[in-house]
Each structure stands twice: as structure tokens, then as C-alpha cells.
Amino acid sequence: QVQLVESGGGLVQAGGSLRLSCAASGRTLSEYVMGWFRQAPGKEREFVAAVKWSGGRTFYADSVKGRFTISRDNAKNTVWLQMNSLKPEDTAVYYCAADQLGLLYSKPSEYDYWGQGTQVTVSS
């Protein structure tokens, strides 16, 4: 089992920044892919970014490329999502997830473990 706990959400004005963190515990994550997803009211959960725990290769949705950065700290078992130049359309609940196989990193159904989510609200 893997436990994931997100933090760092909040209310920010458009153009501002937030840094989300995801603390992982329970198992060694060296072969996992860690992803961030978001879900706005009335919409499906969508892929934001992912990072391979081993090697650190990163992947981004086109909508956040150049504005968001995903990173991980092996020693702290923590994944971060640095969000800059935030827009009102970034408003959503953001979820951290862990995928043991890491084959289809953008598909929520591929992920094995999920955090409880943290709300991000961007005001215009």
C-alpha cells in the first residue's frame, strides 16, 4: 500500500504561483510514476503532469507546459508541483497519484493510489 497526502492548495490571484506537495509513504516508489491530476466541477479528471521516480523524466499536459514544473525528492519521498502564471481555468481539486507500471502516465485509470486532493482556486 502507498499513502499519498497532498498539501499547498489555496486561493491565489491570476498570474500568481502556488506549490503543491505530495508526501508518499508505505512502499518504495523507485519503480513508480507519480502524477498530478485535476478535476474541476462538472468535468472529468484530467492529467496535469507526471514524473518517473527513477530517472526523473517528466511529462506535461499541453495546457500547463511552460507554467508548471513537477519534481521529486527521493530522500523525502515527496513530489512537488510548482504552478506559475496561474489562470482562472486552473481552478480545480488537484490530486497526486502513483502508478506502479508507468505505461500510460496520462490516464487516471492506470494509477493505483490516490491522495485526497487539495483545492486550488485562481481568481480573475
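See above for the structure.
Residues numbered from 1 in each chain as written. Predicted model: local features only at pLDDT ≥ 70, side-chain atom pairs only at ≥ 80, totals over all residues. Heavy atoms only, no water.

A.B. asks: Got a minute to help me understand the state of the cysteines in this structure?
C.D. replies: Joining two cysteines, a disulfide is a covalent bond between their sulfur atoms. Tallied over the entire structure, the rule returns 1 disulfide. Between the sulfur of cysteine 22 and that of cysteine 96 lies a disulfide, 2.0 Å long from S to S. Across the S-S bond of cysteine 22 and cysteine 96 the torsion is about -75°, and the bridge reads as left-handed. Here cysteine 22, found in strand β3 (residues 18-25), pairs with cysteine 96, found in strand β9 (residues 92-99); they are 74 residues apart in sequence, far enough to count as distant. The exposure class of cysteine 22 is buried, given its relative accessible area of 0%. (Disulfide = S-S within 2.5 Å. Helix = DSSP H or I, 4+ residues; strand = E, 2+ residues; numbered from the N terminus. Buried < 20%, exposed > 50% of the residue type's maximum accessible area, 1.4 Å probe, protein only.)

A.B. asks: Looking at this model, I keep getting lost on the nonpolar core. Mind explaining?
C.D. replies: The nonpolar side chains of a soluble globular protein tend to be buried, and buried together. Counting residues in hydrophobic clusters, the biggest one holds 38 residues, and the most contacted among them are Leu4, Met34, Trp36, Leu81, Met83 and Tyr94. At the level of elements, β3, β4 (33-39), β5 (46-52), β7 (68-73), β8 (78-83), β9 and β11 (118-123) are the ones that each hand at least two residues to this core. Contacts of tyrosine 94, omitting those with residues within four sequence positions, involve Glu6, Leu20, Trp36, Phe37, Arg38, Val48, Phe68, Leu81, Met83, Gly117, Thr118 and Val120. (Core = buried A, V, L, I, M, F, W, Y, C linked by side-chain atoms within 4.5 Å. Contact = heavy atoms within 4.5 Å.)

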